[in-house]
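In case you want the letters, here they are:
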Amino acid sequence: FNRLEKPKPVSLTDALQEVLRIHQEALERVDIRVRIASDVSLVMGEEARLRQVLGNLISNAIDATKHQATAKIIVSAHQDGDKLTIQVTDNGCGVEEDKLATIFEPFHTNKKIGEGLGLGLAITANNMRDMQGTIVAKNNADQGMTFTLTMQVPNNK
């Protein structure tokens, strides 16, 4: 993958379906809801990177919710002008507020030693940057956290 390669139109729904299929087994104990607005289809990106980003966020959400009585993950997407906003929300353990600022830095992890290298979100952030998008993490007011991805949509000219 050439870094100078421009993002091209890829199907968000296809990428998401593929990711959900890969994580199907782990998602059996999760109440997962997908809310994609009807006008959402293509996003400017790169298929493998988009799948990696979605896969990482869903896998993190699965991990974060593993001690909840009812694990919930919501994946939503809506278009606003030339931007597409994708949100992955969970009702898991969340992150301490003071750690939110460094969550996308390499080797930052909340997992026990041996469970993760803490590179997942750093790679996710790099992938988003390469696709000319952004990612933001916030704790939810009640419980868990929300990752918000903002990506360009192809202009239909």
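Here, every reference points to the structure presented above.
Remember, it's a predicted structure, so these values are computed and weren't measured experimentally. (Residues numbered from 1 in each chain as written. Predicted model: local features only at pLDDT ≥ 70, side-chain atom pairs only at ≥ 80, totals over all residues. Heavy atoms only, no water.)

K.L.:
Would you explain the nonpolar core in this entry?
P.N.:
The nonpolar side chains of soluble globular proteins are, as a tendency, buried together. Ranked by internal contacts, the top residues of the largest apolar core, which has 38 residues, are L12, L50 and L54. Here this core takes 7 residues from helix 2 (residues 47-64), the largest share from any one element. Setting aside residues up to four positions removed in sequence, L54 forms contacts with L12, A15, L16, V19, I86 and L149. (Core = buried A, V, L, I, M, F, W, Y, C linked by side-chain atoms within 4.5 Å. Buried < 20%, exposed > 50% of the residue type's maximum accessible area, 1.4 Å probe, protein only. Helix = DSSP H or I, 4+ residues; strand = E, 2+ residues; numbered from the N terminus. Contact = heavy atoms within 4.5 Å.)

K.L.:
What exactly am I supposed to notice about unusual backbone geometry here?
P.N.:
Trans is the common state for peptide bonds, and a negative phi is the common state for residues other than glycine. The backbone of Q132 sits at a positive phi, close to 60°, despite the residue not being glycine. Among the structural elements, Q132 can be located in the loop between helix 4 (120-130) and strand 6 (134-139). For Q132, a relative accessible area of 52% corresponds to the exposed category.

K.L.:
Help me understand helix 4, please; the structure alone is not making it clear to me.
P.N.:
Since there are 3.6 residues in each turn of an α-helix, residues three or four apart along the chain are aligned in direction. All buried positions along helix 4 are accounted for by L121, A122, T124, A125, N127 and M128. Contact partners of the buried residues in helix 4: helix 2, strand 6 and strand 7 (145-152). Q132 occupies a position one or two residues after helix 4 and carries a positive phi of about 60°.

K.L.:
Would you take a moment to explain the packing of helix 2 against helix 4 for this structure?
P.N.:
As a packed pair, helix 2 and helix 4 sit with axes 9 Å apart at the nearest point and diverge in direction by 145°. The handedness of the crossing between helix 2 and helix 4 is left-handed. Contacts between helix 2 and helix 4 involve R49, Q52, V53, N56, L57 and N60 on the former and, on the latter, G120, L121, I123, T124, N127, M128 and D130. Broken down by class, the residue content of the contact of helix 2 with helix 4 amounts to 5 nonpolar, 6 polar and 2 charged. (Axes fitted to C-alpha atoms, helices over the stretch in contact; angles between N-to-C directions. Left-handed = near helix turned anticlockwise from the far one by under 90°. Nonpolar A, V, L, I, M, F, W, Y, C, P; charged D, E, K, R; others polar.)

K.L.:
Just checking my understanding: could you explain the pairing of strand 5 (residues 83-90) for this structure?
P.N.:
The side chains of a regular strand alternate, residue by residue, between the two faces of the sheet. Extensive coverage of strand 5 is indicated by the burial of 6 of its 8 residues. Hairpin connection of strand 4 (residues 71-80) to strand 5: 2 residues between the antiparallel strands, including G81 at a positive phi of 65°. With 7 bridges connecting them, strand 5 and strand 7 associate as antiparallel partners. Its bridge partner lying in strand 7, V88 is registered against F147. (Pairing = 2+ DSSP bridges.)

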